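Structural overview
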Amino acid sequence: MGKLTVHALRAVLVVVLAGTVFVQASMVWALATDPEDGSLPLTPLRVITILGMVSAQVALVCVWRLVTMVRRGTVFSHAAFRYVDGMIGAIVAAALVWFAVTAVNAPGQREDPGVTVIMGGVGVAILGVALIVLVLRMLLVQAVARDVEATQMQAELDEVI
């Protein structure tokens, strides 16, 4: 992975992380100062937004750590699993948060339930992303096993020579 790619990815991660922190701060401020007017259940939506931002931040930190491991050449180790598992957990949490938004929004969509169905579909798609990352984790497991095997074979070969 080239330096330019790493720097560009890290710049994107910093911007997104700063954006999530800004949204969280805005939601906390709104919780403290802006009363509900009764048209929407604002307090649950604000709390859900804060939780959604936490899940995004966890995923961002995990990606940062994995990029660091790739740059150092240590990604094919058991330490990488912690961050991949963290990403899977964050994505599942984001899906659950999205389902909560769908549930809070559903009563207002009685006349047009298609919106709720579409929102439920988006939640299922988010869970699909978690499954894709799980498949990639399984590939990482195989790569780590092959790396360990190659290291052992190299050690045996070094003994012979």
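As a starting point, this report considers the structure included with it. Throughout, residues of each chain are indexed from 1 in the direction in which the sequence is written. Given that the model is predicted, a residue must reach a pLDDT of at least 70 before its local features are reported, and side-chain atom pairs must reach 80 or more before they are shown or counted; all residues, however, enter totals for whole chains, interfaces and linings. Based on all heavy atoms of the structure, the side-chain values leave hydrogens and waters out of the count.

1. Section: the overall build of the protein
Every helix listed is a DSSP run of H or I at least four residues long, and every strand listed is a run of E at least two residues long, numbered separately from the N terminus. Along its length, the protein carries four helices and zero strands. Ordered by position from N to C terminus, the α and β elements of the protein give α-α-α-α. This radius of gyration counts C-alpha atoms alone. The globule rule is 2.2 Å times how many residues there are, raised to the power 0.38. Whereas a compact globule of 161 residues would reach a radius of gyration of roughly 15 Å, the protein reaches 21 Å, over 25% beyond that. Along the first, second and third principal axes, the C-alpha atoms of the protein reach 80 × 30 × 25 Å.

2. Overview of helix H4 (residues 114-160)
Residue pairs spaced three or four apart in an α-helix point in one direction, given the helix's 3.6 residues per turn. To estimate the expected span of a helix, count its residues, drop one, and scale the result by 1.5 Å. Its 47 residues give H4 an end-to-end C-alpha distance of 69 Å, which sits within 8% of 69 Å, the value for a rise of 1.5 Å per residue. Among the residues of H4, Met119, Gly120, Gly123, Ala130, Val133, Leu140 and Val144 are the ones counted as buried. Residue contacts are counted whenever heavy atoms from the two residues lie within 4.5 Å of one another. Buried residues along H4 sit in contact with helix H3 (79-105). The buried label goes to any residue with under 20% of its type's maximum accessible area, the exposed label to any with over 50%, and the partly exposed label to all in between, with areas taken from a 1.4 Å probe on protein chains only.

3. Remarks on helix H1 (residues 3-33)
Taking 1.5 Å as the rise per residue, H1 with 31 residues should run 45 Å; its terminal C-alpha atoms sit 44 Å apart, in good agreement. Among all positions in H1, only Val6, Leu13, Thr20, Gln24, Met27 and Ala30 are buried. In this structure, the buried side of H1 is in contact with helix H2 (42-72).

4. Re the environment of Val148
For Val148, the location among the structural elements is in helix H4. Sequence separation between Val148 and Leu96 is 52 residues, and the spatial gap between their C-alpha atoms is 36 Å.

5. Things to note about a nonpolar patch on the surface
Together, Ile132, Val135, Leu136 and Leu139 make up a nonpolar patch on the protein surface, roughly 380 Å² of accessible area in all. If you trace the backbone, Val135 turns up in helix H4. Owing to a relative accessible area of 47%, Val135 belongs among the partly exposed residues under this scheme. Within the patch definition used here, like charges are joined within 9 Å and nonpolar side chains (Val, Leu, Ile, Met, Phe, Trp, Tyr) within 5 Å, considering only residues with over 30% relative accessible area and no salt bridge. The Shrake-Rupley method, run with a 1.4 Å probe sphere, supplies the accessible areas, and residue values consider only the shown protein chains as cover. Think of a salt bridge as a Lys or Arg side-chain nitrogen and an Asp or Glu carboxyl oxygen that are within 4 Å of each other.

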